[in-house]
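Structural overview
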Amino acid sequence: MIAFGLHLYRAKQRFCFGQIISIRSYSICSFSSQVYHDIATHNITDGTGGLDASIFFETNREENVGAGMNNTLSDFETYPNKYVSRADIIAIATVFAVATCSGPVIPFRGGRIDANVAGPSGVPDAADSLDSLTANFAHQGFNVSEMIQLVACGHTLGGVRYPDFPTVVAGTGSTTVVKLFDGTQQFDHNIVSGYLDGTTQDPLIVANQTMASDTRVFGSDNNVTMQSMNSADSFAQTCSTVFDKMLNTVPSGVTLTDEITLVPVKVSAVQLTVGTSQLQFQASVRLVLASSTPTVTMYWCDRYGSGANCSGNLKRYAAPGGSQTVSSPISTGMGVTLKKYQFVVPIDASQSISKFWFTVDYGNGTTVTANNGGSDYVIDQDVVLWVPSMSRDKSVLTGSNGVTVTAAVKTSSGTPSRVYIDCFGRATTNYLPVNATYDLALNTSIPAAAGYTFYTGTATADFGATMQFDLYAVAANGTNYVDTYRQSGLIGVALAPASTVNSTTTGGGAAGASGAGSVRLGSWGSRLGVGMVGASVLLTLRYL
Ligand code: HEM
């Protein structure tokens with residue numbers, strides 16, 4: 001699982017956690033100040049600011065200094081993509097961090113939009129008066145109860161450290177000393193019970209009056225809110241609700257998706273490409289399993305020939321080449337078991353492939369057809385295909401500059417007037433989105449294979465950790481073919497062993513049939529990456 005460090009809240013003078021939070025240096029049971037800092041820019045009156053990843057442009061502020069903050073920022077470099085913003089990744093990371101520490105599974109919605117400039121500053125300070133703290137939270141859209149809930153839920157994890165807060169935590173020299181807020185690194189209600197029964201050692205309560213912001217906040221409604229959170233269940237429920245609101249505090253122009261829920265079937269890593277003498281097709285399907293271990297089979301239709309589109313009911317099929325149980329703090333928190341089945345099959349180029357689907361035989365008389373709600377997973381075209389095995393990522397080819405992309409273009413479709421890639425990434429140097437187009441040239445050093453000729457080009461811009469691209473071939477007649485949303489990060493990724501291909505004219509569920517057991521990809525899953533084959537979920541929300 002990805003151990004995101006989250007930094008939910010940050011106040012002046014290296015407030016709130018830049019330290020424990022980082023995945024690299026500190027505990028995973030932490031948040032990121034990025035979330036709350038972004039939210040702290042929200043102005044409830046005019047709807048500006050909120051969770052928009054503007055923190056990436058604000059690290060030179062005094063309120064954002066600290067190694068933890070910068071490490072946390074770099075932790076988030078890898079995961080955003082063309083469709084999923086950094087702000088969404090920060091929100092997902094919050095959900096993960098809370099669940100990792102045995103907290104509740106916070107509902108998640110997608111659709112946040114990244115800012116490309118810094119937002120206003122002005123997050124609260126532990127030395128602020130209660131009036132100032134209350135006004136600050138109110139400006140962001142949180143009333144007094146919610147302020148108390150947010151601070152209590154945030155301060156169930158982590159603590160205050162020397163030398164960042166020498167008036168709160170004692171220490172000597174440069175040695176770091178951390179005083180935990182509630183004595184544990186679990187998402188528990190000790191922060192509440194200790195405050196109410198007087199046993200708390202919360203540094204923002206016991207150290208000194210000037211910096212006793214937790215005392216001021218927690219007692220601001222005569223302990224009514226704290227008393228209402230003084231059990232494991234009420235604490236978890238309250239924190240889930242108030243963190244949900246925090247994560248959904250976005251600029252007024254942003255529309256978030258519906259809550260993203262577990263889909264029973266998720267198809268991913270779909271790729272049709274060219275091998276040495278034939279095509280190669282790969283796809284993965286992730287299922288939610290009950291107690292039984294099912295037999296999973298992938299079926300598909302030819303694209304050409306007498307069996308095209310399953311004419312005569314001709315279907316090809318194969319068993320998975322590998323499978324693995326996948327889990328995350330979220331799946332654990334939800335109590336579900338997920339298993340992913342990987343298929344890699346050779347495809348005769350003269351037959352090719354037009355669509356595919358799966359059957360899941362539970363061995364108890366129940367067989368479910370997973371066919372995208374009756375639409376099957378459709379492969380749009382096979383004229384232009386990305387060839388990952390002949391491409392090179394900058395991280396794969398030491399010393400190279402950029403990502404070298406090789407495309408296969410179907411020879412029988414004629415010489416294309418143009419082959420090019422439209423690339424997208426998020427730069428690591430300035431955190432800005434990068435779009436650039438590069439032409440690919442005919443590469444005669446690669447011998448034609450399986451009826452395809454090869455084109456190569458190199459994308460040289462700083463696309464960050466991974467580049468996504470749409471691969472285009474413009475045919476002589478003007479038709480534009482596209483292999484959509486490929487990812488450089490898949491270069492060099494090991495595949496499961498190839499499976500034996502069989503064929504049948506019976507069984508396997510009828511292609512295109514919408515049976516009672518049909519399942520459909522979740523809408524946001526589809527939004528995340530319906531690729532050229534119509535079914536490639538490209539950002540794997542690991543818990544879904
Ligand atoms: C009245 C508002 C708040 C004030 C004045 C405040 C102040 C502080 C301070 C001084 C620290 C110590 C930071 C360090 O030593 O580096 C801290 C840590 C922390 N705060 Fe807050 N905080 C506030 C609200 C919040 C909220 C709303 C959250 C989350 C929703 C939160 C989550 C955390 C966490 C997780 C830590 C631990 C960081 C670590 O261990 O490195 N805080 N806070």
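Each residue is numbered by its place in its chain's sequence as written, counting from 1. Totals for whole chains, interfaces and linings use all residues, but because this is a predicted model, local features are given only for residues with pLDDT of at least 70 and pairs of side-chain atoms are given and counted only at 80 or more.

1. A short note on the overall build of the protein chain
For the protein chain, the count of helices and strands is 12 helices and 19 strands. Using C-beta atoms placed from the backbone, we call a residue buried if 20 or more other C-beta atoms fall within 10 Å of its own, exposed if 12 or fewer do, and partly exposed for counts in between. Counting the 544 residues in the protein chain, one finds 52% classified as buried. The contact rule is simple: place each C-beta atom from the backbone, and if two of them lie within 7 Å, those residues are in contact. Sequence-distant contacts in the protein chain: of pairs separated by 6 or more residues, those separated by 24 or more amount to 70%. We count a stretch as a helix when DSSP gives it H or I for four or more residues in a row; a strand needs E for two or more, and each element gets its number in order from the N terminus.

2. Considering helix H4 (residues 130-140)
Within H4, burial applies to Leu133, Phe137 and Gln140. The arc that holds every buried residue of H4, seen down its axis, measures 60 degrees, which confines them to one face. Turned more than 90 degrees away from the buried face of H4, the exposed residues are Asp131 and Ala135. Glycine 141 sits one or two residues past H4 and shows a positive phi near 105 degrees. Arc definition: it is the arc formed by the directions from the helix axis to the C-beta atoms.

3. Describing the sheet that holds strand S7 (residues 322-326)
At least two DSSP bridges between two strands are needed for those strands to be called paired. On the basis of which strands lie adjacent, the open sheet formed by four strands has the order S3-S4-S8-S7 and antiparallel pairing. In this open sheet, the two edge strands, each paired with only one partner strand, are strand S3 (265-274) and S7. Sheet twist, expressed as the mean angle between neighbouring strand axes with direction ignored, is 15 degrees. Pairing between S7 and strand S8 (residues 337-347): five bridges, direction antiparallel. Looking at the pairing, glycine 322 lines up with glutamine 342 of S8. Each axis is a line fitted through C-alpha atoms, taken for helices only over the stretch in contact, and angles between the N-to-C directions span 0 to 180 degrees.

4. A word on unusual backbone geometry
Peptide bonds are, in most cases, trans, and in most cases residues other than glycine have a negative phi. The step from tyrosine 162 to proline 163 runs through a cis peptide bond, and the omega angle for that step is 15 degrees. Relative to the helices and strands, proline 163 resides in the loop between strand S1 (159-162) and strand S2 (177-180). The backbone phi angle of serine 102 is positive, close to 70 degrees, even though this residue is not glycine. Judged by C-beta crowding, with 17 C-beta atoms within 10 Å, serine 102 ranks as partly exposed. Not every positive phi belongs to a glycine, and tyrosine 485 is a case in point at roughly 55 degrees. Mapped onto the secondary structure, tyrosine 485 falls in strand S18 (residues 480-487). Look at tyrosine 485 and you get buried, because 20 C-beta atoms sit within 10 Å.

5. Notes on the packing of helix H5 (residues 144-154) against helix H10 (residues 232-247)
Relative placement of two packed helices is described by the angle separating their axes and the distance separating the axes. Axis separation between H5 and H10 bottoms out at 9 Å; the angle between their running directions is 105 degrees. It follows that H5 is roughly perpendicular to H10 by the angle criterion. Residues Glu146, Gln149, Leu150 and Cys153 of H5 lie in contact with H10, whose contacting residues are Thr238, Cys239, Val242, Phe243 and Met246. Amino acids are sorted into nonpolar (Ala, Val, Leu, Ile, Met, Phe, Trp, Tyr, Cys and Pro), charged (Asp, Glu, Lys and Arg) and polar (every other residue, Gly among them). Each residue belonging to the contact of H5 with H10 can be placed in one class, and the counts come to six nonpolar, two polar and one charged. For classification purposes, angles smaller than 35 degrees are called roughly parallel, those larger than 145 roughly antiparallel, those between 65 and 115 roughly perpendicular, and all remaining angles oblique.

6. What to know about the nonpolar core
Each nonpolar core reported here comprises buried Ala, Val, Leu, Ile, Met, Phe, Trp, Tyr and Cys residues connected via C-beta atoms within 7 Å. Membership of the largest hydrophobic core comes to 64 residues, with the highest contact counts inside it found for Ala91, Val95 and Ala152. Take this core: its biggest share by element is 11 residues, from helix H3 (residues 86-100). With near-sequence residues (within four places) excluded, valine 95 lies in contact with Ile106, Phe108 and Ile330. Core analysis: the next-biggest nonpolar cluster, separate from the first, contains 61 residues, Val265, Val345, Val405 and Leu440 among them.

7. Considerations on the environment of arginine 86
Following the sequence through the fold, arginine 86 ends up in helix H3. Considering only alpha carbons, one finds arginine 86 and phenylalanine 56, 30 residues apart in sequence, at a separation of 9.3 Å.

8. Describing the environment of threonine 45
Relative to the elements of secondary structure, threonine 45 occurs in the loop between helix H1 (33-40) and helix H2 (67-75). Judged by local crowding, threonine 45 falls into the exposed class, with 8 C-beta atoms found within 10 Å. C-alpha of threonine 45 to C-alpha of histidine 139: the two residues are 94 residues apart in sequence and 7.5 Å apart in space.

9. Here's the deal with the pairing of strand S10 (residues 367-370)
Within a regular strand, side chains alternate between the sheet's two faces. Here four bridges tie strand S9 (residues 355-361) to S10, and the two strands are oriented antiparallel to one another. Pairing of phenylalanine 358 across the sheet is with alanine 370, part of S10.

10. Structural notes on the sheet that holds strand S16 (residues 452-459)
Spatially, the seven strands line up as an open sheet ordered S12-S13-S16-S15-S14-S17-S18, and their pairing is antiparallel. The sheet terminates laterally at strand S12 (384-386) and S18, the two strands that pair on one side only. The average undirected angle you get between the axes of adjacent strands in this sheet is 25 degrees.

11. Observations concerning helix H6 (residues 190-197)
When we look at burial in H6, the residues that qualify are Asn190, Ile191, Val192 and Tyr195. In the core, the buried residues of H6 are packed alongside H5, helix H7 (203-206), helix H8 (213-218), helix H9 (224-228) and H10.

12. Notes on the confidence of the model for the protein chain
Per-chain confidence: the protein chain averages 83 in pLDDT, with 83% of residues scoring 70 or above. Confidence of the predictor in every single residue is expressed as pLDDT, which spans 0 to 100. This model gives residues 1-27 a pLDDT under 50, and the stretch forms 114 contacts once residues within four places in sequence are excluded. Overall, residues 513-544 carries pLDDT values under 50, and its contacts beyond four positions in sequence, including any with other chains, amount to 93 contacts.

13. What about the environment of aspartate 439?
Counting through the fold element by element, aspartate 439 comes out in strand S15 (residues 433-442). Note: C-alpha distance between aspartate 439 and arginine 418 (21 residues apart in sequence) is 7.4 Å. Sequence-distant contacts of aspartate 439, that is, excluding residues within four places in its chain, are made with Arg418, Tyr420 and Gly457.

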